[in-house]
Amino acid sequence: MPFPSDAEWAWAEPLLRLVEAGGAVLVGIMLVAALLFALTLERWWYFRVTWRAERHALLRRWSERQDHASWSARTLREVWSRELVARLRRPLPWMKLLVALCPLLGLLGTVTGMIVVFDSLALSETHHSRAMADGVARATLPTLTGMAVAVAGLLVTSRMEVIVRRERQRLQDRLARAVEVKREKRDA
């Protein structure tokens, strides 16, 4: 198999320059961001496709029951709805963990970058202010990247929490309405 030419890898040059400018920790931040993005896409797909089908199946199963008023029926309804909502909120703790990890990785990149800067200044007898400024800029890039990913992830997770609360309330309302519709049909 022939090796790819430089022209085939031209698209990766800006990415390689970014990693070179930010250090190895920037790769970790990128991996965390990719995982966070993948979890977000998975939750979007689940909400748009699977959640609606599961919610409809639960509503059908609840409305087909004969008993809706007893304690055991209400408890069963609560258990079923909690299980369904728990499936909707399943990856939220992992997403929150990844969001909290991003600024910490950025701080790690800053610390390691500053260690490299001070080490290079200690090794060179001449203290060039330009070299120090470049090193400080290189050290702050992971912090900025980590914070940017964390802010975007925070927006996504808070929106997901709002969606989960809203869908939980809608599910409860629809379960109650299914019983009323069944009662109206029976009385008519």
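Predicted model, so just to flag it, every value in this text is computed and none were measured. (Residues numbered from 1 in each chain as written. Predicted model: local features only at pLDDT ≥ 70, side-chain atom pairs only at ≥ 80, totals over all residues. Heavy atoms only, no water.)

### Some remarks on the overall build of the protein chain
Helix and strand content of the protein chain: five helices and zero strands. Counting helices and strands in the order they occur from the N terminus, the protein chain gives α-α-α-α-α. Over its C-alpha trace the protein chain gives a radius of gyration of 26 Å, far above what one expects of a compact globule, namely 16 Å for 188 residues. Each principal axis of the C-alpha distribution contributes one length, and for the protein chain these read about 95 × 40 × 20 Å. Residue burial in the protein chain is summarised as follows: out of 188 residues, 28% are buried. The contacts of the protein chain with a sequence gap of at least 6 include a subset with a gap of at least 24, amounting to 80%. (Helix = DSSP H or I, 4+ residues; strand = E, 2+ residues; numbered from the N terminus. Rg over C-alpha atoms; globule rule 2.2 N^0.38 Å. Buried < 20%, exposed > 50% of the residue type's maximum accessible area, 1.4 Å probe, protein only. Contact = heavy atoms within 4.5 Å.)

### Some points on a nonpolar patch on the surface
Residues Trp 44, Trp 45 and Val 49 make up a contiguous nonpolar surface patch of roughly 350 Å² in combined accessible area. Structurally, the position occupied by Trp 44 is in helix α2 (residues 24-64). (Patch = residues over 30% accessible without salt bridge, like charges linked within 9 Å, V, L, I, M, F, W, Y side chains within 5 Å. Areas by Shrake-Rupley, 256 points an atom, 1.4 Å probe, with all protein chains shown as cover. Salt bridge = Lys/Arg side-chain N within 4 Å of Asp/Glu carboxyl O.)

### Regarding the packing of aromatic side chains
For the structure on display, the rule yields zero aromatic pairs. Cation over ring: Arg 43 sits above Tyr 46, and NZ or CZ is 4.2 Å from the ring centre. Directly above the ring of Phe 47 sits Arg 52, whose terminal nitrogen or CZ lies 6.0 Å from the centroid. (Phe/Tyr/Trp six-rings, centres within 6.5 Å; stacked < 30°, edge-to-face > 60°. Lys NZ or Arg CZ within 6 Å of the ring centre and 35° of its normal.)

### Quick notes on α2
Over its 41 residues, α2 extends 58 Å from the first C-alpha to the last, a length consistent with the 60 Å expected when each residue adds 1.5 Å. At Phe 47, α2 is bent by approximately 45°, the largest bend along its length. (Expected span 1.5 Å × (residues − 1). Bend = angle between axes of the 7 residues up to and from the residue.)

### Notes on the confidence of the model for the protein chain
Counting all residues, the mean pLDDT for the protein chain is 87, and 93% of those residues have values of 70 or more. Element-level mean pLDDT values for the protein chain span from 78 in helix α1 (residues 13-22) up to 93 in helix α3 (residues 71-89). (pLDDT = per-residue confidence, 0-100.)

### Digging into the packing of α1 against α2
Their axes nearest at 6 Å, the elements α1 and α2 cross at an angle of 120°. If you check the angle between α1 and α2, you find them oblique. Between α1, through Leu 15, Leu 18, Val 19 and Gly 22, and α2, the contact on the second element is made entirely by Ala 24, Leu 26, Val 27 and Met 30. Its residues assigned to classes, the contact of α1 with α2 comprises seven nonpolar, one polar and no charged. (Axes fitted to C-alpha atoms, helices over the stretch in contact; angles between N-to-C directions. Parallel < 35°, antiparallel > 145°, perpendicular 65-115°, else oblique. Nonpolar A, V, L, I, M, F, W, Y, C, P; charged D, E, K, R; others polar.)

### Digging into the environment of Leu 16
Here Leu 16 lies in helix α1. Linking Leu 16 and Gln 172, residues 156 residues apart in sequence, is a C-alpha distance of 51 Å.

### Some details on the packing of α2 against α3
At a minimum axis separation of 10 Å, α2 and α3 run at an interaxial angle of 170°. Classified by the interaxial angle, the pair formed by α2 and α3 is roughly antiparallel. Between α2, through Arg 43, Tyr 46, Phe 47, Trp 51, Glu 54, Arg 55, Leu 58, Arg 61 and Trp 62, and α3, the contact on the second element is made entirely by Ala 73, Arg 77, Trp 80, Ser 81, Leu 84, Val 85, Arg 87 and Leu 88. Taken together, the residues of the contact of α2 with α3 sort by class into ten nonpolar, one polar and six charged.

### Some remarks on the side chain of Glu 167
Among the secondary structure elements, Glu 167 is positioned in helix α5 (residues 129-187). A polar contact is formed between the side chain of Glu 167 and the side chain of Trp 51, at a distance of 3.0 Å. Those residues in contact with Glu 167, other than ones at most four positions away along the chain, are Phe 47, Trp 51, Arg 55 and Leu 88. (Polar contact = N/O pair within 3.5 Å; in protein donor to acceptor, adjacent residues only side chain to side chain.)

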